[in-house]
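# Inside the fold
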Amino acid sequence: MKKFAIYGKGGIGKSTTTANLSAALALQGLRVMQVGCDPKADSTQLLLGGRKIPSVLDQIKVLGDSVQLADIAYTGSYGVVCVESGGPTPGIGCAGRGIITAFNKLEELDAYEVFKPDVVLYDVLGDVVCGGFAMPIRDGYADEVMIVTSGERMALFAAGNIVMAIDNFAKRGYAKLAGIIQNSRNVEDEDRIVENFARNAGSRILCRIPRAGIVQEAEKLDKTVVEAFPDSDQAACYRELAALVVGGGV
């Protein structure tokens, strides 16, 4: 089982990238599990026809100790197992703590043994790398981290914070940085900017996803690009990234 945490600044296209990667991996015959680690609980919507599923935290609030896997894990496109950790009411409680609670519940219910995924993708908000949001990096959850960024200043700033967090955990044998996914925003000299960032981080660019309106067209259909427009250049980018994961290039 390969386990990846995908981090990036809010709004950078991290969840869209993760969902498309999940779909591309599943199309290659792999059993995929995607776990959304954001209080908005919207990571898996494109895999579920736009449906927003109940989060682990929501179900714990309602069902308490009687929560079962069927209450928190749903099957999406191409058989992808979809889970959303969820979070507290805005302004009340700690979102990072919510991730910890959700992860503990998945372990308690033996989710990984039951579903036996070949690949697990944790989609994690990367604006703040506090203890809870850093949990996928540590405690043996993810083996490697992929960071989604553009050439924009704030996206790179968030990515830099994530790199520092990974470096801090590296000495303890936790997840390592697999590489950078450039989700392009047509910033001037963007390729060079992101290339320099990756080099300074001691890493590499795994793929460059061009900015294209087809992504929004697919989202209007509540689908991934891989499902809605499989013959597009954009879908090919996600399949190439999936091939890296499958082939051990990540």
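As the structure is a computational prediction, the values presented were derived from the model and not from experiment.

## Side note on the sheet that holds strand β8 (residues 205-209)
Spatially, β3-β4-β2-β5-β1-β6-β7-β8 is the arrangement adopted by the eight strands of the open sheet, whose pairing is mixed. The strands lining the two open edges of the sheet, one partner per strand, are β3 (74-75) and β8. Taken together, the four bridges between strand β2 (residues 32-37) and strand β4 (residues 81-84) define a ladder with parallel strand orientation. Paired with V35 across the two strands is V83, which belongs to β4. Contacts from helix α1 (residues 14-27) reach β1 (2-8), β2, β5 (119-125), β6 (144-149), β7 (176-183) and β8, with the element oriented near 175 degrees to β5.

## Some points on the nonpolar core
Grouped together as the largest cluster of nonpolar side chains are 47 residues, with contacts concentrated most on M33, V35, F103, L106, Y122, V145 and I147. For this core, the element with the most residues is helix α6 (residues 153-170), which contributes six residues. Residues in contact with F103, not counting those within four places in the same chain, are V35, C37, Y122, M135, P136 and Y141. With 37 residues, the next largest nonpolar core counts A19, A23, L48 and A235 among its residues.

## Some points on the pattern of salt bridges
A complete count under the given rule lists seven salt bridges for this structure. Between K40 and D38 there is a salt bridge, with the nearest N and O atoms lying 2.9 Å from each other. Owing to a relative accessible area of 8%, D38 belongs among the buried residues under this scheme. Of the charged contacts, one joins R208 and D191 as a salt bridge, the two residues approaching to 3.4 Å between their closest N and O atoms.

## Brief notes about helix α10 (residues 233-247)
Spanning 15 residues, α10 covers 21 Å between terminal C-alpha atoms, matching the ideal 21 Å at 1.5 Å per step. The complete set of buried residues in α10 reads Q234, A235, C237, Y238, L241, A242 and V245. All buried residues of α10 lie within an arc of 155 degrees about the axis, which places them on one face of the element. Facing away from the buried surface of α10 by more than 90 degrees, the exposed residues are D233, E240 and G247. Positive backbone phi, approximately 80 degrees, marks G248, located one or two places after α10.

## Regarding the environment of G160
By the element assignment, G160 lies in helix α6. For G160 and G87, which are 73 residues apart along the polypeptide, the C-alpha to C-alpha distance reads 25 Å.

## A short note on α1
Between the first and last C-alpha of α1 there are 20 Å, a value that for 14 residues agrees with the 20 Å anticipated at 1.5 Å per step. Most of α1 sits inside the fold, with 13 of its 14 residues counted as buried. The positive-phi residue at the C-terminal boundary of α1 is G29, with phi of around 90 degrees.

## Here's the deal with the packing of α1 against α10
Packed helix pairs are specified by the crossing angle of their axes together with the interaxial distance, meaning the distance between the axes. Running from N to C, α1 and α10 point in directions that differ by 65 degrees, and their axes come no closer than 8 Å. Between α1 and α10, the angle falls in the class roughly perpendicular. By crossing handedness, the relation of α1 to α10 is classed as right-handed. The residues of α10 that touch α1, namely those facing T16, T17, N20, L21, A24 and L25, are Y238, R239, L241, A242, V245 and V246. Each residue belonging to the contact of α1 with α10 can be placed in one class, and the counts come to eight nonpolar, three polar and one charged.

About the criteria used
Residues numbered from 1 in each chain as written. Predicted model: local features only at pLDDT ≥ 70, side-chain atom pairs only at ≥ 80, totals over all residues. Heavy atoms only, no water. Pairing = 2+ DSSP bridges. Helix = DSSP H or I, 4+ residues; strand = E, 2+ residues; numbered from the N terminus. Contact = heavy atoms within 4.5 Å. Axes fitted to C-alpha atoms, helices over the stretch in contact; angles between N-to-C directions. Core = buried A, V, L, I, M, F, W, Y, C linked by side-chain atoms within 4.5 Å. Buried < 20%, exposed > 50% of the residue type's maximum accessible area, 1.4 Å probe, protein only. Salt bridge = Lys/Arg side-chain N within 4 Å of Asp/Glu carboxyl O. Expected span 1.5 Å × (residues − 1). Arc of directions from axis to C-beta. Parallel < 35°, antiparallel > 145°, perpendicular 65-115°, else oblique. Left-handed = near helix turned anticlockwise from the far one by under 90°. Nonpolar A, V, L, I, M, F, W, Y, C, P; charged D, E, K, R; others polar.

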